[in-house]
Amino acid sequence: MRPVTESNGSVAAEPMPVLVIRPSRGWRALGLRELWAYRELLWIFAWRDLKVRYRQTFLGAVWVMGQPLITMAIFTLIFNRVAHLRASGNVPYSVFVLSGLLLWNFFSASVAHAGNSLIGASYLISKVYFPRLAIPLAATIVDLVDLSVSAVLLAALMIWYRVLPGPEIVLFPVVVLAGAVLATGVGLWCAALNVEYRDVRVLIPFVLQLGMFATPVAYSVDVIPAKYRFLVLLNPMTGIIEAGRATLFGTPVAMEALLSAAIVSPLVLITGIYYYRRMERLFADLL
Amino acid sequence: MTVSVSTPTSSAAIAIRGLGKRYRIGEQFRPSAVRDKLANPRELFRRSAPARSIWALRDVSLDIRHGSVVGLIGRNGAGKSTLLKILSRITEPTEGEARLYGRVASLLEVGTGFHMELTGRENVFLNGSILGMSREQIRRNYDAIVDFADIGELIDTPVKRYSSGMFVRLAFAIAAHVDPEILLIDEVLSVGDAAFQNKCLGKVASMTGSGRTVVIVSHNMDTISRLCDTAVWLARGEIKDQGPTVSVVRRYLSEGTANATTWSPDDDTNPAFIYHSVSARRADGLDGDDAFPADLGFELVFDFTVREQIPPGRLSFRIDGEDGRAVLTTSDTDRGATSNAPWTLGRQRLRCVVPAHLLAPGRYYLTLSEPLRAGNRLHESVIRITISEQGSLVARDGRDGVVAPLLAWTQDGRP
């Protein structure tokens, strides 16, 4: 008779997960599989922020609707009535500017939220392990919900002005997705930089503010002198906003702008994840 | 850090090899500012100069068997929490390696990620997910959690309206139901009232009974002695001693135990209250060494200044035996009717007499509490005394027992 030993490997009914902890060097893998395993936590984080935001105050919902509405009114007054800027196509200026604000506000809010999300979650990072990517990603999800709330506003305004979209509108979600890719990428860069350099926090809103005027939110690309137009077209948000308008109003969109958005957005996202993952090991020690 | 799947080659649940963690300290430790780098462009491309650094943990190798309950003990800054943080994957080691066989959950704090605006029910799902439970698992355990927490109807009220006791009960109840194969716990059992603490200890004890591997960090030798079969003593980031809990705890407590009948704090950070000294003295007032005769008793004299009004009744001390188990705890609220009277401001003295024939001969460690404006702070095992066998009933008759009281035996008249 042979004694039963534990070492023959067949004893374990199911393979036991083994966690190996050792110092990591250089660049880390993207870690998307692990993120997937923790997808419930990602939803829970987003759900928590939404719940708190929309429950705490009636103002929460009013703010999401009111902020773009007020900005739209001011922009219409200043740029349209005073400076006589025109929308592209036959779209009323207010609808035109709101469509731009919708996408820009989403981009800007999620960059700002993702950028500051780690500082706000430092109490979690120092106490429990989970894929750190979940924190800025949850911030972006929350802003996607805000985006859909303000999309209702845009729809209402379009109906009011009888601006009816063509079949291209089915591509609008694709545009939003592209915006989300870019915003997440920039947000991840900001979040990780923010841990290493604390004054990034102060820089983010400032740069975003400038960014809005460097992007055709309140004007169309046509008003830029041809000599400088390529500068605006290099900005990936130009492509996203112009493409968004193309799906909503059937306006033309420059191929260069689309190309720039299609190349830059995924690039920023992938490098953003890599940089974030590289900095990740320092989060608990620095925060 | 990587996760792979394989079968363990030994019966170890946790295998640690040469683990070390270095922290950079001093000015370099602070996150830098872009401003500084731009102001000094050369800095932009230069790696920061090697900063002063300390090893919080160095060359730690340890095997923890499946199903064992291990207590990590050591003074503050000995590296206990750092080790737990590395094993929990919160921070990375600087060198070495650790392998954990099985699903790991860590409990470094009770109520991590609780949101004040959310209800108890919502926080069960939030906190459960953060601790690594699936939604399905939380749903299955939901009733048991609410039951254990004893919250009742208030489960649908925002937790900001909970008393601190309720908050802690709910938080622990969630953590107690995580159900991993390896559980890492840091000093979280010292929360809540005594009754709930016992319930928690009972819960942890039942978890440990069912083949789970548990690593506990605690300053409380009583907790360690009650729960752990093995103890590991860390000192200055290295393993100083390991083995059966009773012997490690005994050696730990007796370290540097020459005369320590008087204690005074080394810092003065408490704005409300300051200890000048606390000392144990023979009841007959004679000076002597630290051995108090069993038939004499001793008194503990607190010399302190109350600087600001603080909630009354928080001057207390605990006497632990050599094995780390608590023998008794007493508080100045025992003064009776006047106990809840406000403090007199200024310097004062308070005495507590520990009567003769109470403690059995042996070594004892006194933990003192220092009242803060809110709560209190413990000074663990700062006074160490010996009760000698002189006049002891235990020594005379060879009796068993932790205490050696002289009880009243009376004879009734003939029935």
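The preceding data block contains the structure.
What counts, and at which threshold
Residues numbered from 1 in each chain as written. Chains lettered and ligands numbered in written order. Predicted model: local features only at pLDDT ≥ 70, side-chain atom pairs only at ≥ 80, totals over all residues. Heavy atoms only, no water. Helix = DSSP H or I, 4+ residues; strand = E, 2+ residues; numbered from the N terminus. Contact = heavy atoms within 4.5 Å. Areas by Shrake-Rupley, 256 points an atom, 1.4 Å probe, with all protein chains shown as cover. Lys, Arg positive; Asp, Glu negative; His and termini not counted. Charge placed at Lys NZ, Arg CZ, Asp CG, Glu CD. Bend = angle between axes of the 7 residues up to and from the residue. Buried < 20%, exposed > 50% of the residue type's maximum accessible area, 1.4 Å probe, protein only. Buried area = accessible area lost by both parts, 1.4 Å probe. Salt bridge = Lys/Arg side-chain N within 4 Å of Asp/Glu carboxyl O. Phe/Tyr/Trp six-rings, centres within 6.5 Å; stacked < 30°, edge-to-face > 60°.

*Asks:* Can you explain the overall build of chain A? Please cite residues and give values.
*Replies:* If you tally the helices and strands in chain A, you get 11 helices and one strand. Viewed in the frame of its principal axes, chain A has a C-alpha envelope of about 95 × 45 × 40 Å. In chain A, once contacts between residues fewer than 6 apart in sequence are set aside, the share between residues at least 24 apart is 80%. As presented, chain A carries roughly 14,300 Å² of accessible surface, and 70% of it is formed by carbon and sulfur atoms. When the 23 basic and 15 acidic side-chain charges of chain A are each reduced to a single mean position, those positions are 2 Å apart.

*Asks:* Before we move on, can you summarise helix α5 (residues 135-149) of chain B with the specific residues and values?
*Replies:* In an α-helix, one turn spans 3.6 residues; hence positions three or four apart end up facing the same way. Residues and elements named next belong to chain B. At Asn141, α5 shows its maximal bend, which comes to roughly 55°. Turning to α5, its buried residues are Gln137, Ile138, Asn141, Tyr142, Ile145, Val146, Phe148 and Ala149. At the C-terminal side of α5, Asp150 shows a positive phi close to 60°.

*Asks:* Which residues make up unusual backbone geometry, and what values go with them?
*Replies:* Positive phi outside glycine occurs at Arg162 of chain A, with the angle close to 55°. Of note, Arg162 of chain A is situated in the loop between α6 (134-160) and α7 (172-196). The class of Arg162 of chain A is exposed, set by a relative accessible area of 67%. Although it is not a glycine, Asp179 of chain B sits at a positive phi angle of roughly 60°. Mapping Asp179 of chain B onto the fold places it in the loop between α6 (164-176) and β7 (182-186).

*Asks:* Residues and numbers for the interface of chain A and chain B, please.
*Replies:* Across the boundary between the two partners, chain A contributes 43 residues, which contact 54 residues of chain B. Area buried by chain A at its contact with chain B is led by Val18, Leu19 and Ile21 of chain A, which between them contribute 17% of it. For the pair chain A and chain B, the interface holds four salt bridges. Taking the shortest distance from any N to any O, the salt bridge between Lys21 of chain B and Asp285 of chain A comes out at 2.8 Å.

*Asks:* For the pattern of salt bridges, give the residues involved together with the corresponding values.
*Replies:* Residues and elements named next belong to chain B. In total, this model carries 24 salt bridges over all chains according to the counting rule given. Between Asp284 and Arg282 there is a salt bridge, with its nearest N and O atoms 3.2 Å apart. Residue classification places Asp284 among the partly exposed residues on the basis of a relative accessible area of 36%. Using a relative accessible area of 19% as the deciding quantity, one classes Arg282 as buried. Ionic pairing is found between Arg318 and Glu380, a salt bridge with its closest N-O pair at 3.2 Å.

*Asks:* So what about the packing of aromatic side chains? Which residues, and what values?
*Replies:* All names here are of chain B. Inspection of every chain in the model, using the stated rule, returns 18 aromatic pairs over all chains. For the ring pair Trp263 and Tyr275, a centre distance of 5.6 Å and an interplane angle of 75° mean the geometry is edge-to-face. Residue Trp263 is found in strand β11 (residues 262-263), and its partner Tyr275 is found in strand β12 (residues 273-282); the two are separated by 12 residues along the sequence. On the basis of relative accessibility, which here comes to 3%, the residue Tyr275 falls in the buried class. Measuring from ring centre to ring centre gives 5.7 Å for Phe304 and Trp343, while their planes differ by 85°; the resulting arrangement is edge-to-face. Taken together, the residues span a long stretch of sequence, with Phe304 in strand β14 (residues 298-306) and Trp343 in the loop between β16 (326-331) and β17 (346-354) at a distance of 39 residues. For the residue pair Phe304 and Trp343, the accessibility class agrees, reading buried in each case.

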